Amino acid sequence: CSDHRGLITPIQGACGNILRGIDVPTYAFKGDEAVLKCQYDLRATRLYSLKWYHNNTEFYRYVPTERTKPINIKPGSTQFLVHEISRTDTQVTLIVKKLTASASGQYRCEVIAEHPSFRTDSANATMTVLLEPLPYPVVVGLQELYEPSEIIKVGCQPTREFSGHQQPEARWFVHGARVEPEWVSEYTESSNPNIKGISLHIAAKQIMKTGGSLEIECRLTLGAHFRSSFKVLRVRMREPSAYATLSSSGKRDEAWWALHTVFLLNCLHR
């Protein structure tokens, strides 16, 4: 099978008759850990062996027919430590810990069917171990209070320059949903052109419809990893007129009496 660089690697075509897919993180961090999954479906036959390789060096082997030692994890690796998390009839899940920079590279899972076919399928994916942690994001340009007529513009960017080859992406979220592209625009920090961010544009009157405040999330993402910073946008609410106050109060009273009437009727019919 060909090399895949996504988080989930489904296997299709001829090589997918036994091996269903592998799960290898695209990125990990030095000293951290990563979970590796290998999924297979043997159906009419049985499993002879399942092996994991890192840069063509075997570091895990599962052979069900070997009663004395069905699991063999290669000791003495200075690149990472390996532990088996779980093993079922269709999947083996490992965790590699204390990752070093040399743990970067190609990870391959190989599945071999039992006699008589000994059919072999394999798939691989690349993981890059980054030397420094993902920086936290920061919200810039935020005011304590906005006027209803204003167009709010705030930025989301990393707190420091990231030295990794692949740069993290700044994103805006509201209530867990990513903000639509028409509300954001990319920019470059004037004092450091290597720091790139994304600005959020929103009319203050839109926030008035939500009660005058809106929580926003500035998220920095790299692969499956992310860090977030939360802030609240606040807009000055206009003082309601005496008539509006009485009208609102009257509606609340009407709703209370309606609920009270329903309660009394239910009691009478019991």
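Residue positions are given per chain, counted from 1 along the sequence in the order it is written. Since the coordinates come from a predicted model, pLDDT governs what is reported: local features require at least 70, and pairs of side-chain atoms require 80 or more to be given and counted, while whole-chain, interface and lining totals use all residues. The basis for every side-chain value is the complete set of non-hydrogen atoms in the structure, without hydrogens or water.

As annotated in an unreviewed UniProt entry, the protein carries the name Ig-like domain-containing protein and is attributed to Meganyctiphanes norvegica.

Trainee: Please provide a residue-by-residue account of the nonpolar core, values included.
Mentor: The term nonpolar core refers to a set of buried residues drawn from Ala, Val, Leu, Ile, Met, Phe, Trp, Tyr and Cys, joined through side-chain atoms within 4.5 Å. When a residue's accessible area, from a 1.4 Å probe over protein chains only, is under 20% of the maximum for its type it is buried; when over 50% it is exposed; and in between it is partly exposed. One finds Leu-50, Trp-52, Phe-59, Leu-99, Tyr-107 and Val-111 to be the most contacted residues of the largest nonpolar core, which totals 31 residues. Numbered from the N terminus, helices here are DSSP runs of H or I no shorter than four residues, and strands are runs of E no shorter than two. Among the elements of the structure, β3 (19-23), β5 (34-40), β6 (47-54), β7 (57-62), β10 (91-97), β11 (105-113) and β12 (120-130) are those that each provide at least two residues to this core. Apart from the residues within four sequence positions on either side, Tyr-107 is in contact with Ile-22, Val-24, Leu-36, Trp-52, Tyr-53, His-54, Phe-59, Phe-80, Ala-123, Asn-124, Ala-125 and Met-127. Within the second largest apolar cluster, 20 residues are counted, among which are Tyr-146, Cys-156, Ile-207 and Ile-216. Residues count as neighbours in contact if any of their non-hydrogen atoms are within 4.5 Å of one another.

Trainee: Mind laying out the packing of aromatic side chains, listing which residues take part and the relevant values?
Mentor: Only centres within 6.5 Å qualify two rings of Phe, Tyr or Trp (six-membered ring in Trp) as a pair; their planes then separate them into stacked at under 30 degrees, edge-to-face at over 60, and tilted for everything else. In this structure the tally under the stated criterion is 5 aromatic pairs. Where Phe-59 meets Tyr-107, the ring centres are 6.2 Å apart and the plane angle is 80 degrees; that geometry is what we call edge-to-face. Here Phe-59 is found in strand β7, whereas its partner Tyr-107 is found in strand β11, with 48 residues between them in sequence. The exposure class of Phe-59 is buried, given its relative accessible area of 6%. Counting every residue linked through ring pairs, the aromatic cluster contains Trp-52, Phe-59, Phe-80 and Tyr-107. Only when the NZ of Lys or the CZ of Arg is both within 6 Å of the ring centre and within 35 degrees of the ring normal is a charge said to sit over the ring. When the ring centre of Tyr-62 is taken as reference, the NZ or CZ atom of Arg-87 above it lies at 4.5 Å. Looking at Arg-227, its charged tip hangs above the ring of Tyr-136, at a distance of 4.3 Å from the centre.

Trainee: Please set out the sheet that holds strand β18 (residues 196-203) residue by residue, giving values where relevant.
Mentor: Pairing between strands is defined by DSSP: at least two bridges between the two strands are required. Read across the sheet, 4 strands follow the order β13-β14-β18-β17 without closing on themselves; strand pairing throughout is antiparallel. Every other strand in the sheet has two partners, leaving β13 (137-140) and β17 (184-188) as the edge strands with one partner each. For this sheet the average axis-to-axis angle between neighbouring strands, irrespective of direction, equals 25 degrees. Across 5 bridges, the pairing between β17 and β18 is antiparallel. The residue bridging Thr-188 from the neighbouring strand is Lys-196, located in β18. Only the stretch in contact is used when fitting a helix axis, every axis being a line fitted to C-alpha atoms; angles between N-to-C directions are given from 0 to 180 degrees.

Trainee: I'd like a rundown of the state of the cysteines, residues and numbers included.
Mentor: Disulfides are defined in this document as cysteine sulfur pairs within 2.5 Å. This model, assessed by the stated rule, comprises 2 disulfides. A disulfide bridge connects Cys-38 with Cys-109, and the sulfur atoms are separated by 2.0 Å. In this structure, the disulfide formed by Cys-38 and Cys-109 twists by about -85 degrees around the S-S bond and is classed as left-handed. Residue Cys-38 is found in strand β5, and its partner Cys-109 is found in strand β11; the two are separated by 71 residues along the sequence. The partner cysteine of Cys-156 in its disulfide is Cys-218, sulfur to sulfur 1.9 Å. Measuring the twist about the S-S bond at about 80 degrees, one finds the Cys-156-Cys-218 disulfide to be right-handed. Highlighted residues: Cys-156 in strand β14 (residues 151-158) and Cys-218 in strand β19 (residues 213-222), separated in sequence by 62 residues. The exposure classification of Cys-156 matches that of Cys-218, with both residues buried.

Trainee: A description of the sheet that holds strand β20 (residues 225-234) should follow, citing residues and the corresponding values.
Mentor: Strand order across the open sheet formed by 4 strands is β16-β15-β19-β20, with antiparallel pairing between neighbours. The open sheet terminates on both sides in strands that have one partner only, identified here as β16 (177-178) and β20. Pairing analysis gives 2 bridges linking strand β15 (residues 169-174) to β16, with the strands arranged antiparallel. Within β16, the position partnered with Phe-173 by the bridge is Arg-178.

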